[in-house]
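# Report on the structure
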Amino acid sequence: QEQLVESGGGLVQPGESLTLSCAASRFIFSSYAMSWYRQAPGKERELVAAFTSNGGRINYADSVKGRFTISRDVAKATVYLQMNSLKPEDTALYYCNAGSYSGPEYYPYDYWGQGTQVTVSS
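These notes cover the structure that comes with them. (Residues numbered from 1 in each chain as written. Predicted model: local features only at pLDDT ≥ 70, side-chain atom pairs only at ≥ 80, totals over all residues. Heavy atoms only, no water.)

### Thoughts on the sheet that holds strand 3 (residues 18-24)
Across the sheet, four strands lie side by side as 1-3-8-7; this open sheet has antiparallel pairing. Looking along the sheet, the strands with just one partner apiece sit at the ends: strand 1 (4-7) and strand 7 (68-73). In this sheet, adjacent strand axes meet at a mean angle of 20 degrees when their direction is disregarded. Where strand 7 and strand 8 (residues 78-83) come together, six bridges link them in antiparallel fashion. (Pairing = 2+ DSSP bridges. Helix = DSSP H or I, 4+ residues; strand = E, 2+ residues; numbered from the N terminus. Axes fitted to C-alpha atoms, helices over the stretch in contact; angles between N-to-C directions.)

Structure below.
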């Protein structure tokens, strides 16, 4: 069974940093574009960052540009989301996803992890 497993969430204060990890199966990691989504209470799930399967194209939501960095470790088949200068509005359940690109747009497939909670509060 193909799967994605997120980890690394937690409670931090505003301005602090956190790194999320997403361990993927080899099939998913080598076959699909990868991304991070988040969903805050009462809000729709939104795309935070994504990149193509070869890492050649990277997209970020405007709200996280300059603060978040998506990266990957090919040997570990793991995708990371480095989050700096965290704000209370970054509080959400963060999900890893596998999908594809059509032109500049990322489209999620039905490969989702269980999510990891990030809470930014003083």
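Now that the structure is up, let's keep going.
### A short note on the state of the cysteines
Scanning all chains against the criterion turns up one disulfide. Here cysteine 22 engages in a disulfide with cysteine 96; their sulfurs sit 2.1 Å apart. Sign of the S-S torsion, about -85 degrees for the bond between cysteine 22 and cysteine 96, identifies this disulfide as left-handed. Placement of the pair is cysteine 22 in strand 3 and cysteine 96 in strand 9 (residues 92-102), with a sequence separation of 74 residues. For cysteine 22, a relative accessible area of 0% corresponds to the buried category. (Disulfide = S-S within 2.5 Å. Buried < 20%, exposed > 50% of the residue type's maximum accessible area, 1.4 Å probe, protein only.)

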